[in-house]
Every structure is written in structure tokens, then in C-alpha cells.
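What the coordinates show
The residues making up each chain are set out below.
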Amino acid sequence: MAKGIFSRMADIIKANINDLLNRAEDPEKMIRQMILEMEEAVNKATASVGTAVANEKRLERQCFEKKDQTKAWQKKAEFAVQAGEDDLARRALERKAALEEAAQDLSAALDESRRTSQQLKQQLMQLKAKLDEARTRQGTLIARRKTAEARKQIARGLSGVGDDAFSSFERFRQRVETEEAEAEAHQEIAGSEPSLEDAFTRLERKNTVEEELEVLKKKLGRTDA
């Protein structure tokens, strides 16, 4: 969705320059105003990129934490086996298994966040390049406008869909896309697995724990009488 927003912003900028200058009573004032609006758009896009990067760093930190906790519970399980506390070792391995699942989920989210951040950075660079181009061309565009007026009288105040209507349409479409994305996110957060699947998940985890316990016993030279 973010890619589409950046693309539409660039299209709006291009359409404004080509269309508004033809209809403006004061082209020089109009293009200065458009440059200001472009700068504001770039600032907002920069803030969005900053938010995406911050989210990426947060996920990265959480992922590392879960992996460190997994290693810690592995060591606790080994210690419990050495001490002959099989029940305690099982509990430690169960905790380790849960942390491993959480780490895998965070890792997948981190990969997606990294891809999103990279895309936003590239799109922001493109938007900044368009702004720089607009700044460079504003003098030329104004001069061309004045030359065209001198050669031919151009009708002012043409009828048709105004810029406000165009912007309102774009804002409405962005709002719909945002609400759709939020709805999907809420659905993922609120979703829960059926109890039957939960039961099988717990059973699989228990079997894994028992297998790891036996491996630890053999590794540490523990044999039950």
C-alpha cells in the first residue's frame, strides 16, 4: 500500500505542474505554493520512513532477546538433567520450545519489516528527486508560461474537476486502503486457533520435549536405572 501512495503523490505533483500553471492567474505565486506543498509531502514521507525503520529495529531487538532466552533455557534444562531433576528439565524445555516459536514468528515479521523499510527508502529518494527537479524547473516553467501568454491569449478559469476535488478523491482512496489494512491487522491479532489444533500443538511440543530430554541424558552421560 505504501508504494501506491508514493507513486500517486508523484503523479499528483506532475499533474499539478502541467495543469495548474495553465489555469493560474499568478503562475509564479502558484508554483511557489506547489513547491511548499511538495516539501511538506516529503517531510511527511520522511517521517513515515523513520517510523518504519524504528519498527524494524524494535522487531530486531525482540528477536535477539527471544533467541538469547532460548539459549538460556537450554542451559537450564542441561543443568536440571545433571542434577537429576527430570521434571524441572521438562519444564525448561517446554519454555524453550515456546520461545523458539515466538522467535520464528518475530523473525518472519522482521524480514517483512526490512523489505518494507527498504522499499520506502527507495521511494522517498525518488520523491526527493522529483522535488529537486521541480525546484530546478520552476524558473523555466514560469518563463515558458509568460512567453505563451505573450504569443496567445489563453482562456482563464477553465471548467472541470478542480484540484480540491482531485485531492479529495485521493484522500478518500488512501483512507479506504488504510482502513482495509487496519482491518486485516485486527483480524490477524484477534484470530485464534481452534481448540483441537491447540491440543495437537501441545501434544507435538510434549513429544519434542521428551525427545530432547532423552538426548540431553545421553549427551551428559545420564542413564536411568
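Residues numbered from 1 in each chain as written. Predicted model: local features only at pLDDT ≥ 70, side-chain atom pairs only at ≥ 80, totals over all residues. Heavy atoms only, no water.

Observations regarding the overall build of the chain
- A count of helices and strands for the chain gives 5 helices and 0 strands.
- Expressed as a percentage of its 225 residues, the buried residues of the chain come to 25%.
- Across the chain, contacts joining residues at least 24 apart in sequence account for 82% of those joining residues at least 6 apart.
- As displayed, the chain offers around 15700 Å² of accessible surface, 51% of which is attributable to carbon and sulfur atoms. (Helix = DSSP H or I, 4+ residues; strand = E, 2+ residues; numbered from the N terminus. Buried < 20%, exposed > 50% of the residue type's maximum accessible area, 1.4 Å probe, protein only. Contact = heavy atoms within 4.5 Å. Areas by Shrake-Rupley, 256 points an atom, 1.4 Å probe, with all protein chains shown as cover.)

Let's talk about the pattern of salt bridges
- Counting across every chain of the model gives 9 salt bridges.
- Where K96 meets E100, a salt bridge forms, and the shortest distance between an N and an O atom there is 3.9 Å. On the criterion of helical spacing, the pair formed by K96 and E100 is a turn pair, its members being 4 residues apart in helix α3 (residues 86–151).
- On the accessibility criterion, K96 (10% relative accessible area) is buried.
- Overall, E100 belongs to the partly exposed group, its relative accessible area being 31%.
- Ionic contacts of the salt-bridge type, sharing partners, join the residues E39, D132 and R135 into one network. (Salt bridge = Lys/Arg side-chain N within 4 Å of Asp/Glu carboxyl O.)

Remarks on the nonpolar core
- Core analysis: the biggest nonpolar cluster contains 15 residues, and I31, M38, V42 and L124 have the highest contact counts within it.
- Of all the elements in the fold, those that place two or more residues in this core are α2 (27–82) and α3.
- Counting residues in each nonpolar core, the second largest holds 9 residues, with V81, L93, V209 and L213 among its members. (Core = buried A, V, L, I, M, F, W, Y, C linked by side-chain atoms within 4.5 Å.)

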